[in-house]
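# Residue-level structural notes
Next come the chains, spelled out residue by residue.
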Amino acid sequence: MLALVEQLIGSPVRVTGGLLLDKDPQHNWEVPWHQDTGIYVAETPPGEKDDVRGGLPVYSTRGLELAGDVTCRLALDPALVDSGGLYVLPGTHREHLGKTVAERFGSEKGVSAPQPIGSALSYNPLILHRSEKMTSAQQHRRILHLSWGPADLRLPDGAQIYPWPQPCPLTPVEAL
Ligand SMILES: O=C(O)CCC(=O)C(=O)O
């Protein structure tokens, strides 16, 4: 995965986040079109609103700071059209769309990006994406969602990327 992400980003990389998303019949959500503009930081910069997710502060970017980043979703279960998989809207990663998303793209269906179990789906975090509820009889749709950026990624307003315990840039395990 490191080699894949380095190839996509085009430089040495760092991890910027990780989540396990477990969609099941009791926790069966849908999410409208959005860009992932937030990034975990060491602390909320002065003057920014508090946004704490999973216990960690998140800084919301306002421009294209994350345009060189890559998200990689590993499907631990099938994530298909009827099991709450992702839809994307190609080409929308080139601008920070802010609050215009619903008005401009709300009526678009987009392109489904179905994932068989064990597959990896990589995309730019700024591409519009959405998901629907699971309608299949599947018990779980677990996705390991990993976020990556260039090792020299910097944020404005003095925001410091959360210091995940890792060598930066990342090195292959064999080399440790
Ligand atoms: O996996 C899903 O159902 C939606 C995930 C999502 O919107 C995200 O990762 O930003």
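Now for a description of the structure that goes with this document. Here the structure is a predicted model, which means the values were calculated and not measured.

Pairing between the strands of a sheet is mediated by backbone hydrogen bonds and can be parallel or antiparallel. On the basis of which strands lie adjacent, the open sheet formed by 3 strands has the order β3-β5-β4 and antiparallel pairing. Strands with a single pairing partner mark the edges of an open sheet, and in this sheet they are β3 (38–40) and β4 (52–53). In this sheet, strand β5 (residues 56–60) lies alongside β4 in antiparallel orientation, the contact comprising 2 bridges. Within β5, the residue paired with V52 across the bridge is P57.

I39, Y40, V41, Y59, L66, L126 and A159 together form the largest nonpolar core, which totals 7 residues. A159 has contacts with V41, P45 and Y59, leaving out every residue within four places of it along the chain.

Attention now moves to the pairing of strand β6 (residues 70–75). Pairing between β6 and strand β11 (residues 141–150): 6 bridges, direction antiparallel. Residue pairing across strands places C72 opposite L146, the latter belonging to β11. In the sheet, β6 pairs with strand β9 (residues 120–123) via 4 bridges, with the strands oriented antiparallel. Bridged to C72 within β9 is S122.

Now for the sheet that holds β11. Spatial ordering of the open sheet is given by β1-β11-β6-β9, a layout of 4 strands whose pairing is antiparallel. The two strands at the open ends of the sheet, each matched to only one other strand, are β1 (13–23) and β9. Between one strand axis and the next, the sheet turns by 20° as a mean value, whatever way the strands run. Of the strands in this sheet, β1, β6, β9 and β11 are in contact with helix α1 (residues 2–9), which crosses β6 at around 150°.

The omega torsion across C168 and P169 is 0°, close enough to zero to call that bond cis. Of note, P169 is situated in the segment after β11. A positive phi is found at D157, a non-glycine position, where the angle reads about 60°. Within the element layout of this structure, D157 appears in the segment after β11.

As for its position among the elements, R142 is in strand β11. The partly exposed category is assigned to R142, around which 16 C-beta atoms lie within 10 Å. Considering only alpha carbons, one finds R142 and K49, 93 residues apart in sequence, at a separation of 30 Å. R142 has contacts with L20, L21, D22, L76 and D77, leaving out every residue within four places of it along the chain.

Analysis parameters
- Residues numbered from 1 in each chain as written.
- Predicted model: local features only at pLDDT ≥ 70, side-chain atom pairs only at ≥ 80, totals over all residues.
- Pairing = 2+ DSSP bridges.
- Helix = DSSP H or I, 4+ residues; strand = E, 2+ residues; numbered from the N terminus.
- Core = buried A, V, L, I, M, F, W, Y, C linked by C-beta atoms within 7 Å.
- Buried ≥ 20, exposed ≤ 12 C-beta atoms within 10 Å, placed from the backbone.
- Contact = placed C-beta atoms within 7 Å.
- Axes fitted to C-alpha atoms, helices over the stretch in contact; angles between N-to-C directions.

Keep in mind these values describe shape, not function.
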